[in-house]
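Residues per chain, in single letters:
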Amino acid sequence: MFAYVARQPIVDTSQQLYAYELLFRDGEKNCFPNISPDEATSRILAASHLNVGLEAVTNGALAFINFHTDTLLHRFPTSLDPNNVVIEITETVDVSDDLVEACQQINAQGYRLALDDYDLEEKWQVLLPLISIVKFDITTVTDQQIRETVPVLKAHNIELVAERVETKEQFHYYRQLGFDYFQGYFFARPEVIRHRKMSSSAVNMLELLKESTAAELNIENINAILERDVSLSYLLLRFINNPTVNKRNEITSLKHAMTFMGEQEVRKFIALLSLANLSDGQPGEILSMSLVRARFCELILVAMKDQSKPNSGFLTGMLSLIDTLMEQEMRELVSKLPLPGDVSGALCGENNHLKQCLQLATAFERGQWGIVRAISTRFGLTQKQLHEIYISALSWAAALQNEVHN
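Per-chain numbering applies: the sequence of each chain, read as written, is numbered from 1 onward. The predicted nature of this model means local features are confined to residues of pLDDT at least 70 and side-chain atom pairs, given and counted, to a pLDDT of 80 or more, with totals for whole chains, interfaces and linings taken over all residues. Only heavy atoms go into the side-chain values, all of them from the structure, while hydrogens and water stay out.

The chain is annotated in an unreviewed UniProt entry as EAL and HDOD domain-containing protein of Alteromonas oceani.

What follows is the structure, encoded as C-alpha cells:
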C-alpha cells in the first residue's frame, strides 16, 4: 500500500513553528472503502509510517496525527515515539468505557492527547482529564461558546489551538483570548499592503535577487553588491558549499562556483540567499515553505523532462510567498524583477504550466488530494512519483536550513 502525506503548520503566539499536523491518505482512493477518512488516516499511518519516515516530513518538529476509534482501541499510536507526536482524537470517535481505558493506557505511556474540533458536547468530559491540548475549529463554534470555555480549559492547564485561522485579525483576536497555537493559512498572506521599510542590507538583498533573475548573469554587478556588504559574501559561500548540493569541491569565490556548479545553480543559491535574509522578522515557516515549493516545482519539471524550465520552476516556488515576506502586492514586486514571462505570469495568477506546478505544491501542503490527482493526470506523472518528489523537496529544504543554522 502507498500513502500520501501532507503537513499543515501549527504556529505559536510569535508565529514560530510549533508542530505540523500530518495528513495521510491512500494514494489511489484517498481513503479505505466504507470507513471514514480519519480512520483511513490512522490505518494508513500504522501500515506505512516506517516507510514514509516521519523525520523526513517534519524535520524533527512535533507531529499531530489523527486517530479514530478503531486505531485507538488497538493502541496503534504506541508504535510511534511519544516525544515526537501528539495523538489527536478525532471528533467522530465513539466515546465508550473501552475507548477511555485505551486513552488512559496511551497517556500513561507518555503520549500527549489532543481533542480535535472540540464541540463542547458532554461526551468529552470523561476524556478531558487525559487531554493536554484542545483544538477549536473557529468556524463551527460560536464566539460566545469559545469565550465561556477558554477560561475553564486554561484552569486545567490545557493548551488551546485555534483552527481555520485565515487572517491576521483572527490571529490577534484568538491570541488575545488566550489561545496558545494557531493553524490556518493566515501567516502565508500579507498582513497589510504597504511598503516595508528596508535596511541597507535588505536593499542589497533585493538588488542581489534582481541580478539572479536577469536574462544574463552579470558577475561584476553581483561582486559589486557583495563588496558593499562583506557578510553577504560569507553567507553566499556557505550556501554554495552546502553538502546537499556540492559534495566534491570547496568553493572559494563566485567565479570558482560558476566553474564547478554552473550558472543555473549559482542563480538559485543567490535567490535563496536573498530571500532567506529578506525574511528576517517574518515567521521562519514562510521561508521553509518557499524552499520546499522551489525544489518541488523544479523537480516536477525535471520529472516531466522539461529541461528548459527547471530554473523557472525553482524561481516560481521560491518567490511564491515574497509578497508575504515584503508585505507588498505581488504584481508590484514582480514588476521590479526581470523575471521570465512565464514565471511572472504564474506569480501574478496566470494559469500557465508553472502556476499549475505551484497549485500542485499548495495542494500537497493542504492535503487536497483531489487536486493532486487531477494535476498528476494532466502532467502525465503518477501520484506515487509526485509523493516521492514532495518528500525529496522536504528533505532538501530541511538539510539546507540545518546546514545554514549550524
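A. Structural view of the packing of helix α5 (residues 143-155) against helix α6 (residues 168-177). Every axis in this analysis is a line fitted to C-alpha atoms, fitted for helices over the stretch in contact. Angles between the N-to-C directions lie between 0 and 180 degrees. Strands are runs of DSSP state E lasting at least two residues, helices are runs of H or I lasting at least four, and both sets are numbered from the N terminus onward. In contact at an axis separation of 10 Å, α5 and α6 are set at 35 degrees when each is read in the N-to-C sense. Residues Asp143, Ile146, Arg147 and Val150 of α5 pack against Tyr173, Tyr174, Gln176 and Leu177 of α6. Across the contact of α5 with α6, the residue classes break down as five nonpolar, one polar and two charged. We call two residues in contact whenever any of their non-hydrogen atoms come within 4.5 Å of each other. Ten residues, namely Ala, Val, Leu, Ile, Met, Phe, Trp, Tyr, Cys and Pro, are considered nonpolar, four, namely Asp, Glu, Lys and Arg, are considered charged, and the remaining ones, Gly among them, are considered polar.

B. Region of interest: the pairing of strand β5 (residues 112-115). Note: two strands are recorded as paired if DSSP finds a minimum of 2 bridges between them. Both strand β4 (residues 85-89) and β5 contribute to a ladder of four bridges, which runs parallel. Opposite Ile87, over in β5, you have Leu113 as the bridge partner. For β5 and strand β6 (residues 131-137), the ladder comprises three bridges, and the chain directions are parallel. Bridged to Leu115 within β6 is Val134.

C. Geometry of the nonpolar core. To qualify as a nonpolar core, a set must consist of buried Ala, Val, Leu, Ile, Met, Phe, Trp, Tyr and Cys residues joined through side-chain atoms within 4.5 Å. Under the scheme applied here, a residue whose accessible area is under 20% of the maximum for its type counts as buried, over 50% as exposed, and between as partly exposed, the area being computed with a 1.4 Å probe on protein chains only. In this structure, Val134 and Phe179 are the most contacted members of the largest nonpolar core, which totals 103 residues. When residues in this core are grouped by element, the largest group, 11 residues, is from helix α12 (residues 284-303). Beyond its immediate stretch of four places on either side in the chain, Phe179 contacts Thr13, Phe136, Ile146, Val150, Leu160, Val161, Ala162 and Tyr174. Core analysis: the second largest hydrophobic core is formed by 10 residues, Ala19, Phe64, Val86 and Ala114 among them.

D. Region of the structure containing α6. Turning to α6, its buried residues are Lys168, Phe171, Tyr174 and Leu177. Where α6 ends, the next residue or the one after it, Gly178, has phi of about 110 degrees, a positive value.

E. Representation of the pattern of salt bridges. A carboxyl oxygen of Asp or Glu within 4 Å of a side-chain nitrogen of Lys or Arg is what we treat as a salt bridge. Overall, the coordinates contain eight salt bridges when judged by the stated rule. Two residues, Lys135 and Glu163, come together in a salt bridge whose shortest N-O distance is 3.4 Å. Of this pair, Lys135 sits in strand β6 while Glu163 sits in strand β7 (residues 159-163), and the two are 28 residues apart along the sequence. Its relative accessible area of 0% is what places Lys135 among the buried residues. Residue classification places Glu163 among the buried residues on the basis of a relative accessible area of 8%. Put simply, Arg293 and Glu365 hold a salt bridge, and the shortest N to O gap is 2.7 Å. On the criterion of sequence distance, the pair formed by Arg293 in helix α12 and Glu365 in helix α17 (residues 353-366) is long-range, its members being 72 residues apart. Judged by relative accessible area, which is 6%, Arg293 ranks as buried.

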